[in-house]
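Inside the fold
Take a look at the letters that make up each chain.
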Amino acid sequence: MADLSALEGKLGYGFREKGLLRLALTHPSAGRRHNQRLEFLGDAVLELCVSEKIYEKHPEMQEGAMTQLRQKLVREERLSAAARGIGLGRHLIMDWGCEATGGRENPSVLCDAFEAVLAAVYLDGGIDAARNVVLRLIGDCSETGESDFKSELQQLTQAQGHPVPEYQTVGQSGPPHDPTFTSAVFLEGKELARGEGKSKKRAEQEAARLAMKILEHPGE
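Residues numbered from 1 in each chain as written. Predicted model: local features only at pLDDT ≥ 70, side-chain atom pairs only at ≥ 80, totals over all residues. Heavy atoms only, no water.

**Topic: the overall build of the protein chain**
For the record, the criterion: Starting at the N terminus, helices and strands are each numbered in turn, a helix being any DSSP run of H or I of at least four residues and a strand any DSSP run of E of at least two. Computation of the radius of gyration draws on C-alpha atoms alone. For the globule rule, the value is 2.2 Å times the number of residues to the power 0.38.
The helix and strand tally for the protein chain stands at 10 helices and 3 strands. Counting helices and strands in the order they occur from the N terminus, the protein chain gives α-α-α-α-α-α-α-α-α-β-β-β-α. Against the compact-globule benchmark of 17 Å for 220 residues, the protein chain has a radius of gyration of 19 Å, which places it among compact chains. For the C-alpha atoms alone, the extent of the protein chain along its principal axes is close to 65 × 45 × 25 Å.

**A closer look at the sheet that holds strand β2 (residues 180–187)**
To be explicit about the condition: Strand pairing is defined by DSSP finding a minimum of two bridges between the two strands. Axis definition: a line fitted to C-alpha atoms, limited for helices to the stretch in contact. Angles are taken between N-to-C directions and run from 0 to 180 degrees. Only heavy atoms matter for contacts: two residues are in contact if any of them lie within 4.5 Å across the pair.
In spatial order, the strands read β1-β2-β3; together these 3 strands make up an open sheet with antiparallel pairing. Where the open sheet ends on each side, the last strands, each with one partner, are β1 (166–173) and β3 (190–197). Neighbouring strand axes in the sheet, compared pairwise and without regard to direction, differ in orientation by 25° on average. When β1 meets β2, the two strands line up antiparallel, connected through 7 bridges. Residue pairing in the sheet places Thr-169 in a bridge with Ser-183 of β2. This element, helix α10 (residues 200–216), spans β1, β2 and β3 of the sheet and lies at about 135° to β3.

**Side note on the nonpolar core**
The line we're drawing: Here the nonpolar core consists of buried residues drawn from Ala, Val, Leu, Ile, Met, Phe, Trp, Tyr and Cys, with membership extended through side-chain atoms lying within 4.5 Å. Whether a residue is buried, partly exposed or exposed follows from its accessible area with a 1.4 Å probe, protein chains only, as a fraction of its type maximum: under 20%, in between, or over 50%, in that order.
Counting residues in hydrophobic clusters, the biggest one holds 46 residues, and the most contacted among them are Leu-11, Leu-25, Leu-88, Leu-92 and Phe-114. Of all the secondary-structure elements, those providing two or more residues to this core are α1 (4–11), α2 (18–24), α3 (36–57), α4 (63–73), α5 (76–85), α7 (107–125) and α8 (127–138). The greatest single-element share of this core, amounting to 11 residues, is contributed by α7. Counting 11 residues, the second-largest nonpolar core is a separate cluster that includes Leu-156, Leu-187, Leu-192 and Ala-207.

**What about the packing of aromatic side chains?**
Short version of the rule: Working definition: rings of Phe, Tyr and Trp (its six-membered ring) pair if their centres are within 6.5 Å, and the pair is stacked with planes under 30 degrees apart, edge-to-face with planes over 60 apart, and tilted otherwise. Cation placement over rings: the criterion is NZ of Lys or CZ of Arg within 6 Å of the ring centroid and within 35° of the ring normal.
Under the criterion given, the structure shown has 1 aromatic pair. Arranged with centres 5.0 Å apart and planes meeting at 85°, the rings of Tyr-13 and Phe-15 form a pair that is edge-to-face. By the burial criterion, Tyr-13 is buried, and Phe-15 matches it. Against the face of Tyr-167 rests Lys-150, its NZ or CZ located 4.6 Å from the ring centre.

**Here we look at the side chain of Thr-182**
Relative to the helices and strands, Thr-182 resides in strand β2. The exposure class of Thr-182 is buried, given its relative accessible area of 15%. When sequence neighbours within four positions are dropped, the list of residues in contact with Thr-182 reads Gln-168, Thr-169, Val-170, Gly-171, Arg-194, Gly-195, Glu-196 and Ala-203.

**Comments concerning α8**
Using the following cut-off: The span you would expect from a helix comes to 1.5 Å times its residue count less one.
With 12 residues, α8 extends 16 Å from end C-alpha to end C-alpha; this agrees with the ideal 16 Å at 1.5 Å per step. Along α8, the positions that sit buried rather than exposed are Ala-129, Ala-130, Arg-131, Val-133, Val-134, Leu-137 and Ile-138. Summarising the contacts, the buried residues of α8 are in contact with α1, α3, α4, α5, α7 and α9 (149–159). In the stretch just after α8, Gly-139 is the one whose phi turns positive, near 115°.

**Some details on the pattern of salt bridges**
Our working rule: By salt bridge we mean one thing: a side-chain nitrogen of Lys or Arg within 4 Å of a carboxyl oxygen of Asp or Glu.
All chains considered together, the criterion is met by 11 salt bridges. Here Arg-104 makes a salt bridge to Glu-99, at a shortest N to O gap of 3.1 Å. A relative accessible area of 40% means that Glu-99 is categorised as partly exposed. A salt bridge links Asp-128 to Arg-131; the shortest N-O distance between them is 2.6 Å. Pair noted here: Asp-128 and Arg-131 are both in helix α8, with a separation of 3 residues, about one helical turn. Through salt bridges with shared partners, one network takes in Glu-52, Asp-128 and Arg-131.

**Quick word on the packing of α5 against α7**
In plain terms, the rule: Any angle that is under 35 degrees is reported as roughly parallel, and any over 145 degrees as roughly antiparallel; angles of 65 to 115 degrees are reported as roughly perpendicular and all others as oblique. Charged residues are taken to be Asp, Glu, Lys and Arg, nonpolar residues to be Ala, Val, Leu, Ile, Met, Phe, Trp, Tyr, Cys and Pro, and polar residues to be all remaining types, Gly included.
At a minimum axis distance of 8 Å, the contact between α5 and α7 shows a crossing angle of 75°. With respect to their mutual orientation, α5 and α7 come out roughly perpendicular. For the pair α5 and α7, the contacting residues are Glu-76, Leu-79, Ser-80, Ala-82, Ala-83 and Arg-84 in the first and Pro-107, Ser-108, Leu-110, Cys-111, Phe-114 and Glu-115 in the second. Counted by class, the contact of α5 with α7 contains 7 nonpolar, 2 polar and 3 charged residues.

Below you can see the structure in the form of structure tokens.
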């Protein structure tokens, strides 16, 4: 397992009780003491922190829309992306069988571990510490219920220590009254993906969506 101080730095929180963090990182395959109970608590802590921030950020939003936005913010894909962004997988404690079958990159495993770590932060430092970690890694919940892949890609790349991705319109086809745009997204000067859409904004969103898939599932 890698140095826990590096993980604490990416979380933005230093543990007083290091054993809590180690327990949160222990997959059920590793033995009798594992992170499932912490995962249960972390799920509730996450929902509370996100719900609280949505309530604060969106005074005009009705209950149904608030629920949809919360579901979007805490879905497995987003949590596993945040976990990858801080290199959580390399810190997990698991048996060789789970590791050999890709456990360290499994979205479900990463999502569960992320919630367990959040619970550990809550137990060690209280709700304010947990809230700070959520906002650092999930975002400030200012987005609307629509999918915003550009924001998610920026969150992922910044968590990995990269600069903000850049976008360029690299093509346009079709008649003037019904054009299709092609946009490319670049990270540190390297093109990650291209997307098409009926507007430049939609083309950039599609490029960001494809780039997220590449970064989350390298080699596929």
